[in-house]
Amino acid sequence: MSEAFDVWRVRKDFPILEQRVHGHPLVYLDNAATTQKPRAVLEAIRRYYEEDNANIHRGVHTLSQRATAAHDAARERVRRFLNAARPEEIVFTRNATESINLVAQSYGRAFVGEGDEIVISAMEHHANIVPWQMLCQERGAKLVVVPMDDSGTLLMDEFERLLGPRTKLVAISHLSNALGTINPVAEIVAMAHRVGARVLVDGAQAAYHMPVDVQALDCDFYVFSGHKLYGPTGIGVLYGKASLLEEMPPFMGGGDMILSVTFEETIYNGLPFKFEAGTPDISGAIGLGAAIDYLTGLGMERVGAWERELLKYGTEALQSAPGVRLVGTARNKASILSFVLEGVHPHDVGTILDQEGIAVRTGHHCAQPVMARFGLAATVRASLACYNTREEIDALVSGLKHAREMFG
Amino acid sequence: MSDLRELYQEVILDHNRKPRNCRPMENPTGKAEGHNPLCGDNVTIYLDVQDGVIRDVSFEGSGCAISKSSASLMTSVLKGKTVEEAEALFQRFHELVTSDPTREPDVEGLGKLAVFAGVREYPVRVKCASLAWHTLHAALLQSAATVTTE
């Protein structure tokens, strides 16, 4: 299958990858932080500003109608990408973080009360911890954390045990940003629904690596960021079941989210506009639509297969590299190679690799509880995307060898 | 690799491997904790200041080679210095690591600490080098406060 995937041709779609850093070809392995943008996305944004720029949902003039149509088309692309039932179930936000905060503030304030429980996992990103902590503090609810084992696999027995009649909501990452673990989301949703809890899936890391079907998962909310999906920064998505979004109060007030306003009363707009106050990131949504077209054009299955092959190659290469210990070795994982190098602190590794043109993330990856669970302050994280190659993994391994030599 | 040798000088690597004065202290006159939330580095500085003179200084913590060797070298040059001399050295050190990397570094009076001139080329690592010093500053203030309340 991967023979059909021509990574060298894909790389040509990403102008940024052509450069050299410190005299070496750029090896970009920080994709879990943000991915690079294909020319199709850059072009779509440029074209919008050069030809169609206007505010949406107002004005009868041609440009406004074009901009509105382009924005609507982007929403439809996201709907199809997630296989949501209806376009109004797609709410545009700034990023996954804002999407989670929207649910915590709107759904949480309306439906979570004293003594209720919010269940999260031990491998969450800070974005899927802090909004729930804030909600729990405000409502007198309790935050319950499902533990994981030493490989970074969620303990499903514990999860089942921690679910109960007080569980209001389960918030879980689809793919852990620090460990690469893929969580069994469909199973988690089914178990949570049995006790009457709602489920929010944080798909920030998953959405650009694997096909997502929100109806098959049956999750209540699914969130992701455009910039990790080869799209621009500043645009994010909240998918929510229409029946739930209908029941939820607005998150922010302002223009576009209203039907009529007097000083006595405001009648809110319908979905999804109720949650989209103010002029949205129109070019961002259009850029995200172009990114989705690009990615589906490559084929999610083929991209996933290529990345699995790279992950296998990288896992084996790092496991046989002297002094490397992988952190996060779940059986079911994707795209993330988190590790420590014996005798060299991750920051020093990061600086040394950068001198060879290799971009990795070092630190706690906005997941300090994960680091604490493994008794580490930091790791080095190489994260893969569709344009990475085996040669780049070889460059990483060789850079690590140089780091060991320097510190030897 | 040659550029990196400017950053990771032998003295720095040596102090990273064998940090000096890396131990807790009982009954310190000043103690402060420093964190670099960006990278998770942390350091605790212990001070024993008597009559305005640093009798002993030690540290504990975890961090990269730059932050660990900076703490180690700092503690090894501070013993016997007055509080004023220590503060002046902090000032000079801070000037060194934040100075323009295209100019010749001004290392006068810095002695062994001059090895950190290479950090100037790596702006994101300046915080690693200066964490111990900022924490020392806090410990010195605490030490001064302890003395005045006694």
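Small disclaimer: the values here were computed from a predicted structure and weren't measured.

**Let's talk about the overall build of chain B**
Within chain B, the secondary structure is distributed over five helices and three strands. Element order for chain B, N to C, with α for helix and β for strand: α-α-β-β-β-α-α-α. Taken against the 2.2 N^0.38 rule, which gives 15 Å for 150 residues, the C-alpha radius of gyration of chain B at 15 Å falls within 12% of a compact globule. By residue count, 43% of the 150 residues in chain B fall in the buried class. A fraction of 62% describes how many contacts in chain B between residues 6 or more apart in sequence connect residues 24 or more apart.

**Here we look at the nonpolar core**
Core analysis: the largest hydrophobic core is formed by 161 residues, its most contacted members being A:Val199 and B:Ile45. By residue number, the principal contributor to this core is helix α10 (residues 282-298) of chain A, which donates 10 residues. Taken domain by domain, the makeup of this core includes at least three residues from each of domain 1 (2-30 + 300-407) and domain 2 (42-296) of chain A. In contact with B:Ile45, not counting residues within four places along its chain, are B:Lys31, B:Ala32, B:Val57, B:Phe59, B:Ala132, B:Thr135, B:Leu136 and B:Ala139.

**Observations concerning unusual backbone geometry**
Residues and elements named next belong to chain A. Here the amide bond leading from leucine 271 into proline 272 is cis, since omega sits at -5°, within 30 degrees of zero. Residue placement: proline 272 occurs in the loop between β12 (266-268) and α10. Notably, aspartate 256 is not glycine yet its phi reads approximately 75°, a positive angle. Mapped onto the secondary structure, aspartate 256 falls in the loop between α9 (242-247) and β11 (258-261). Phi is positive for cysteine 366, which is not a glycine, with a value near 55°. One can find cysteine 366 in the loop between β16 (361-363) and α13 (368-373).

**Points about the interface of chain A and chain B**
Contacts between chain A and chain B engage 14 residues on the former and 15 residues on the latter. Of all elements in the fold, only α12 (346-355) and α14 (390-407) of chain A reach the threshold of two or more residues within the side of chain A that touches chain B. For the side of chain A that touches chain B, the leading source of residues is α12(A), giving five residues. Across the side of chain A that touches chain B, the residue classes break down as six nonpolar, seven polar and one charged.

**Points about the domain arrangement of chain A**
Residue and element names in this part refer to chain A. Taken domain by domain, chain A holds domain 1 (2-30 + 300-407) and domain 2 (42-296). On a C-alpha basis, the centres of domain 1 and domain 2 stand 28 Å from each other. In this assembly, 22 residues from domain 1 lie in contact with 19 residues from domain 2. When contributions to the side of domain 1 that touches domain 2 are tallied by element, the ones reaching two or more residues are α11 (300-319), β14 (336-341) and α13. Looking at the side of domain 1 that touches domain 2 element by element, the count peaks at five residues for α11. Grouping the constituent residues of the side of domain 1 that touches domain 2 by class yields 10 nonpolar, seven polar and five charged.

**Description of the sheet that holds strand β5 (residues 117-121) of chain A**
All names here are of chain A. Spatially, β4-β10-β9-β8-β7-β5-β6 is the arrangement adopted by the seven strands of the open sheet, whose pairing is mixed. Strand pairing shows two members of the sheet lacking a second neighbour, β4 (90-93) and β6 (142-146), which therefore form its edges. Here the average twist between neighbouring strands, direction ignored, is 20°. As paired elements, β5 and β6 share five bridges and run parallel to each other. Each bridged residue has a counterpart across the sheet, and for isoleucine 120 the counterpart in β6 is valine 145. Packing of helix α7 (residues 185-194) onto the sheet brings it into contact with β7 (167-173) and β8 (198-202), and relative to β7 it is tilted by some 175°.

Reading guide: rules and limits
Residues numbered from 1 in each chain as written. Chains lettered and ligands numbered in written order. Predicted model: local features only at pLDDT ≥ 70, side-chain atom pairs only at ≥ 80, totals over all residues. Helix = DSSP H or I, 4+ residues; strand = E, 2+ residues; numbered from the N terminus. Rg over C-alpha atoms; globule rule 2.2 N^0.38 Å. Buried ≥ 20, exposed ≤ 12 C-beta atoms within 10 Å, placed from the backbone. Contact = placed C-beta atoms within 7 Å. Core = buried A, V, L, I, M, F, W, Y, C linked by C-beta atoms within 7 Å. Domains from an automatic or database assignment. Nonpolar A, V, L, I, M, F, W, Y, C, P; charged D, E, K, R; others polar. Pairing = 2+ DSSP bridges. Axes fitted to C-alpha atoms, helices over the stretch in contact; angles between N-to-C directions.

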